[in-house]
Amino acid sequence: MQHAIVIEHLSHRFNSRYALKDLAYEVRQGEIFALLGPNGAGKTTTIRLVNGLYTPTSGRINVLGMDSVRQGSQIRQQTGVLTETSALYERLSARENLLFFGRLYGVPESLLLKRTDEILQFFGLKNRESERAGAYSKGMKQRLALARAFLTHPRILFLDEPTSSLDPESTQQVHELIESLCRQEENTVFLCTHRLEEAERLADRVASLNSGRLLALGSLPELTQQFNHGLWVEVDLLQPLQNDPSSLRVRGVIDVQVSERKIRAQVAEEEIIPSLVATLVAQKAQIVSVQPQKVTLEEIYFKLQSQAQEGAV
Amino acid sequence: MNWKTILTIAKKDIKEASQNKAVWLPILIVPAIFVLIIPAALIVGFSSAGTALESPLRDPDFAMFLNRMPPFMIELIRGLNEVQSGIVLVLGYLFAPFFLIMPLMFSTVIAAESFAGERERKTIEALLYTPATDAELFIGKVLAGFIPAVLVTLVSFAGYTIVVNATAYPVMQRLWFPLPSWYPLVLWVSPAISLLGIAFTVLISAKTQTFMGAYQTSGSLVLVVLALLAGQATGVVYLSVLVGLLIGLAIAVVDVILFSFAVRAFNREQLLTATS
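Residues numbered from 1 in each chain as written. Chains lettered and ligands numbered in written order. Predicted model: local features only at pLDDT ≥ 70, side-chain atom pairs only at ≥ 80, totals over all residues. Heavy atoms only, no water.

### Here we look at the overall build of chain A
Put simply, the rule reads: Helix numbers and strand numbers start at the N terminus; a helix is a DSSP run of H or I with at least 4 residues, a strand a run of E with at least 2. Burial classes follow relative accessibility: with a 1.4 Å probe on protein chains only, a residue under 20% of its type's maximum area counts as buried, one over 50% as exposed, and anything between as partly exposed. In these tables, accessible area is a Shrake-Rupley quantity obtained with a 1.4 Å probe, and a residue counts as shielded only by the protein chains included in the view. In this tally Asp and Glu are treated as negative and Lys and Arg as positive; neither His nor the chain ends contributes. Note that the charge is assigned to NZ on lysines, CZ on arginines, CG on aspartates and CD on glutamates.
On a plain count of helices and strands, chain A comes out with 10 helices and 14 strands. Along the first, second and third principal axes, the C-alpha atoms of chain A reach 75 × 45 × 35 Å. Counting over 313 residues, chain A shows a buried share of 52%. In the structure as shown, chain A presents an accessible area of about 14400 Å², 45% of it carried by carbon and sulfur atoms. Taking the average location of the 35 positive side-chain charges in chain A and that of its 37 negative ones, the two points are 6 Å from each other.

### Structural notes on empty space enclosed by the protein
Selection rule: Here a cavity means grid points, on a 1 Å grid over the protein atoms only, where a 1.4 Å probe fits yet cannot get out; a pocket means an open set of points with protein on both sides within 12 Å along at least five of seven lines; lining residues are those with an atom within 4 Å of a point. Grid points are joined across faces, edges and corners, and a volume is the space filled by probe spheres set on the points.
Enumeration according to the criterion identifies one cavity of 30 Å³ or more in this entry. Counted as a void, the largest cavity has a volume near 80 Å³. What lines the largest cavity is simply Thr79, Gly80, Val81, Phe101, Tyr105, Arg148, Ala149 and Thr152 of chain A together with Ala126, Tyr129 and Thr130 of chain B. Of all elements in the fold, only β6 (79-82) and α5 (138-150) of chain A reach the threshold of two or more residues within the lining of the largest cavity. A total of three residues in the lining of the largest cavity trace back to one element, the largest contributor, which is β6 of chain A.

### As for helix α1 (residues 43-50) of chain A
Residues and elements named next belong to chain A. Of all the eight residues making up α1, seven are buried; the element is thus mostly covered by neighbouring parts of the structure. Along α1, the positions that sit buried rather than exposed are Lys43, Thr45, Thr46, Ile47, Arg48, Leu49 and Val50. Positioned one or two residues after α1, Gly52 has a phi angle of 75°, which is positive.

### Thoughts on the interface of chain B and chain A
Stated formally: By definition, residues are in contact when any of their heavy atoms lie within 4.5 Å. Accessible-area loss on putting two parts together, using a 1.4 Å probe and summing over both, is the definition of buried area adopted here. Salt bridge, as applied in this entry: a Lys or Arg side-chain nitrogen positioned within 4 Å of an Asp or Glu carboxyl oxygen. Pairing of N or O atoms within 3.5 Å defines a polar contact, subject to two protein rules: one partner must be a possible hydrogen donor and the other a possible acceptor, and residues neighboring in sequence count only if both atoms are side-chain atoms. Note on residue classes: Ala, Val, Leu, Ile, Met, Phe, Trp, Tyr, Cys and Pro are nonpolar, Asp, Glu, Lys and Arg are charged, and everything else, Gly too, is polar.
On the chain A side, the residues contacting the 27 residues of chain B number 28 residues. Carbon and sulfur atoms supply 60% of the area that chain B and chain A bury against each other, a total of about 2600 Å² over both sides. In terms of surface lost to chain A, no three residues of chain B exceed Tyr129, Pro131 and Glu269 of chain B, which account for 29% of the buried area on that side. Counting across the interface, chain B meets chain A through three salt bridges. Lys15 of chain B serves as the salt-bridge partner of Glu96 of chain A, at 2.4 Å between the closest nitrogen and oxygen. Scanning the region where chain B abuts chain A turns up 12 residue pairs in polar contact (both at pLDDT 80 or more). The dominant element in the side of chain B that touches chain A, judged by the number of residues it contributes, is helix α1 (residues 3-18) of chain B, at six residues. Residue composition of the side of chain B that touches chain A, by class: eight nonpolar, nine polar and 10 charged.

### Concerning the sheet that holds strand β14 (residues 287-293) of chain A
All names here are of chain A. The cut-off we apply is this: Paired strands, in this sense, are two strands between which DSSP finds at least two bridges. Angles shown run from 0 to 180 degrees and are taken between the N-to-C directions of axes, each axis being a line fitted to C-alpha atoms and, for helices, limited to the stretch in contact.
Reading across from one edge, β12-β13-β11-β14 is the order of the four strands in this open sheet, with antiparallel pairing throughout. Here the strands that pair on one side only, and so sit at the sheet edges, are β12 (253-259) and β14. Direction aside, neighbouring strands of the sheet carry axes that sit 15° apart on average. Pairing of β12 with strand β13 (residues 262-267), which is carried by six bridges, proceeds in the antiparallel orientation. Bridge pairing links Ser259 to Lys262 in β13. Of the strands in this sheet, β11 (231-237), β12, β13 and β14 are in contact with helix α9 (residues 273-282), which crosses β14 at around 155°.

### Examining the environment of Ala144 of chain B
Residue and element names in this part refer to chain B. You can see Ala144 is positioned in helix α8 (residues 134-172). When its relative accessible area of 0% is taken as the criterion, Ala144 is described as buried. Between the C-alpha atoms of Ala144 and Leu7, which are 137 residues apart in sequence, the distance is 8.5 Å. For Ala144, the residues in contact, after removing those within four places along its chain, are Ala10, Asp13, Ile14 and Ile110.

### Focus: the packing of α1 of chain B against helix α6 (residues 101-120) of chain B
Residue and element names in this part refer to chain B. The cut-off we apply is this: Oblique is the label for any angle not under 35 degrees, not over 145, and not in the 65 to 115 range, which are roughly parallel, roughly antiparallel and roughly perpendicular in turn.
Packing of α1 against α6 leaves a shortest axis separation of 10 Å and a crossing angle of 100°. With respect to each other, α1 and α6 are oriented roughly perpendicular. Mapping the contact onto sequence places Lys12, Asp13, Glu16 and Ala17 in α1 and Ile110, Glu113, Ser114 and Glu118 in α6. Looking at the contact of α1 with α6, its residues break down into two nonpolar, one polar and five charged.

### Quick look at the environment of Leu64 of chain A
All names here are of chain A. Positionally, Leu64 belongs in the loop between β4 (58-63) and β5 (66-67). The exposure class of Leu64 is buried, given its relative accessible area of 16%. Remark: the alpha-carbon pair of Leu64 and Gln78, spanning 14 residues in sequence, is separated by 8.5 Å. With sequence-adjacent residues up to four places away left out, Leu64 is seen in contact with Ala4, Gln29, Gln78, Arg155 and Ile156.

### Here we look at the nonpolar core
Short version of the rule: Put simply, a nonpolar core is a bunch of buried Ala, Val, Leu, Ile, Met, Phe, Trp, Tyr and Cys residues held in one set by side-chain atoms that sit within 4.5 Å of each other.
In terms of nonpolar packing, the biggest core is built from 119 residues, with Ile5 and Phe190 of chain A together with Ile87, Tyr160, Trp176 and Trp182 of chain B touching the most fellow members. Apart from the residues lying within four places of it in its own chain, the contact partners of Ile87 of chain B are Ile43, Phe46, Gly92, Ala168, Val171, Met172 and Trp176 of chain B. The next biggest cluster of nonpolar side chains, apart from the first, holds 50 residues, and it includes Leu99, Tyr105, Val174 and Leu177 of chain A.

### Topic: α9 of chain A
Residues and elements named next belong to chain A. For the record, the criterion: Along the arc lie the directions from the helix axis toward the C-beta atoms.
Every buried residue of α9 is listed here: Ile273, Leu276, Thr279 and Leu280. Seen along its axis, α9 keeps its buried residues to an arc of 120°; they face one direction. The exposed residues of α9 that point more than 90 degrees off its buried face are Pro274, Val281 and Ala282. Buried residues belonging to α9 abut β11, β12, β13 and β14. Once α9 ends, the next one or two residues include Lys284, with phi positive near 65°.

### As for the pairing of strand β10 (residues 213-218) of chain A
Residue and element names in this part refer to chain A. Relative to β10, strand β9 (residues 205-210) runs antiparallel, the two being bridged by five bridges. Each residue of the ladder has a partner; that of Val206, found in β10, is Gly218. Joining the antiparallel neighbours β9 and β10 is a turn of two residues, in which Ser211 adopts a positive phi near 45°.

### Some thoughts on a nonpolar patch on the surface
For clarity, the cut-off: Residues enter a patch when their relative accessible area is above 30% and they make no salt bridge; the linking distance is 9 Å between like charges and 5 Å between nonpolar side chains (Val, Leu, Ile, Met, Phe, Trp, Tyr).
Taken together, the side chains of Trp188, Val241, Leu242, Leu245, Leu246, Leu249, Val253, Ile257 and Phe261 of chain B define a hydrophobic patch exposed on the protein surface, amounting to about 810 Å² of accessible area. Mapped onto the secondary structure, Leu249 of chain B falls in helix α12 (residues 241-265).

### A word on the confidence of the model for chain B
Spelled out, the test is: A score between 0 and 100, pLDDT records how confident the predictor is in each residue.
With 95% of its residues at a pLDDT of 70 or more, chain B shows a mean pLDDT of 86. Among the prediction metrics, the complex's ipTM stands at 0.84, with pTM recorded as 0.83.

### Considerations on the packing of aromatic side chains
Centre distance and the angle of the planes are the two values used to describe a pair of aromatic rings. Quick reminder of the rule: Pairing of aromatic side chains requires ring centres within 6.5 Å, counting the rings of Phe and Tyr and the six-membered ring of Trp. Pairs whose planes differ by under 30 degrees are stacked, by over 60 edge-to-face, and all others tilted. Over a ring means this: the NZ of a Lys or the CZ of an Arg is within 6 Å of the ring centre and within 35 degrees of the ring normal.
One pass over the structure, following the stated rule, counts 25 aromatic pairs over all chains. Look at Phe138 of chain B and Phe259 of chain B: their rings are 6.0 Å apart centre to centre, the planes differ by 90°, and that puts the pair in the edge-to-face class. Taken together, the residues Phe138 of chain B in helix α8 and Phe259 of chain B in helix α12 connect sequence positions 121 residues apart. Residue classification places Phe138 of chain B among the buried positions, given a relative accessible area of 8%. A connected cluster of aromatic rings, assembled from ring pairs, spans Phe34, Phe95, Phe98, Phe99, Phe157, Tyr160, Trp176, Phe177 and Trp182 of chain B. Directly above the ring of Phe101 of chain A sits Arg148 of chain A, whose terminal nitrogen or CZ lies 4.9 Å from the centroid.

Have a look at this one:
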């Protein structure tokens with residue numbers, strides 16, 4: 001497995017306050033990696049460090065084989081960043097914005113003109129390319145900022161809160177664009193977000209940060225296994241259960257909660273569900289539906305964050 | 001150092017600045033006042049006063065100034081009548097420091113837009129994520145203030161030469177302007193004072209969050225010009241070719257010192273930390 005980014009014992013301090021504390025993880029090439037955390041967790045600081053904008057207080061960052069401190073400019077040549085605010089030159093047109101940034105990346109002029117046309121078309125901005133960016137709606141500005149980040153076909157695309165200020169329609173549009181860009185180019189994407197559904201939808205792996213510390217890292221199934229033991233199943237009944245709920249504690253059933261015509265049972269794994277249902281049938285329970293409850297990233301996230309608050313992690 | 005990158009940044013900053021009314025309005029109005037209105041009004045004033053008693057040359061302060069003049073200035077007005085002498089001394093000599101207001105003002109207003117304005121609008125972050133190095137960004141932004149300031153000053157000088165010669169021709173009967181002392185002023189002191197304005201604005205911009213704040217604070221530099229003007233009018237300093245060269249050199253030395261501080265203030269980490 002090749003790594004796009006390798007972070008080793010990374011700490012960064014602003015005056016006496018640690019923004020990041022002893023982080024160590026890798027981002028794989030070609031994956032969508034999401035960094036989750038509340039405001040101030042250190043997500044934007046991480047992007048700045050990885051791109052060589054800050055010098056780490058301690059530790060090392062290797063990006064595509066280059067050192068972030070010594071080779072910041074070369075790293076930035078290979079990356080594209082969508083900043084938290086769209087950071088567009090509002091007095092310049094959409095086209096002028098893209099051409100300016102393309103030139104700073106040293107893209108040859110003829111290729112730049114071709115790519116600018118293509119990308120404006122792809123992002124649905126071609127027919128308004130000559131308008132000042134300041135006249136765009138929030139959603140259009142975000143699309144233009146994303147177009148700018150993607151203009152040079154970066155090997156690593158950093159997206160800092162890509163949908164934080166967007167309405168649901170624009171959010172959906174940006175998500176689709178990100179997914180489609182990744183499918184086309186097989187890029188590595190480093191996504192910083194506090195929108196959990198966004199990470200759940202887009203990311204291959206997630207890392208959770210709190211106050212600059214790494215709380216957990218893995219794919220959603222891995223994190224589920226790691227932090228949410230078992231699986232909840234909801235069973236709806238036609239009539240309330242007659243027997244003692246403890247009778248349902250067959251092998252593999254961890255917990256049972258009964259209320260009127262609903263049973264919630266925590267089972268160790270999916271394979272236990274048929275035996276639980278068989279037990280209920282044997283007790284003549286009239287089952288209406290059996291619904292395994294999918295563990296969401298949100299549940300895991302809040303569990304991790306609250307553990308971090310309590311100092312348990 | 002990639003000069004293509006530097007020029008791309010400079011061009012973009014000039015283009016952005018040219019779309020800000022607070023930037024281009026003074027660049028239009030100030031030369032109009034200094035190049036057209038004031039010189040034409042003064043020459044018309046002198047010409048119509050003739051050799052009458054109301055001639056400014058009869059003013060006791062001015063008479064004292066005339067008496068104290070060094071030989072190179074006496075040479076300037078040798079053989080000229082009162083009106084001609086008045087035109088030469090006021091428009092060819094005393095007016096010269098006013099001309100320094102232009103490069104100073106233009107360089108500071110564009111630099112304030114380029115450095116503080118970019119931070120104020122939070123566009124600086126996207127710029128810092130590009131491969132451009134700190135040095136390329138810095139030089140590009142300095143040139144964005146320097147090139148227009150020097151160009152507008154040169155164009156204004158050409159315009160002033162035409163206006164002064166044309167308006168005064170009926171009185172002077174010859175093309176008498178520019179005087180030798182103007183060459184070091186325009187070609188040496190003006191660029192130096194433009195850089196002074198920029199370096200000062202960069203330092204101010206590190207502490208000020210807004211374009212207007214940076215521009216207004218940098219405006220205090222006009223005191224340098226006023227000091228020169230007062231020095232000349234009171235006879236403390238006479239702007240000869242040599243004095244012009246020395247003033248330019250002194251400003252250049254200050255430029256080097258200020259820029260050494262400005263360069264240190266301009267790095268990615270500091271720019272971002274101050275912004276966020």
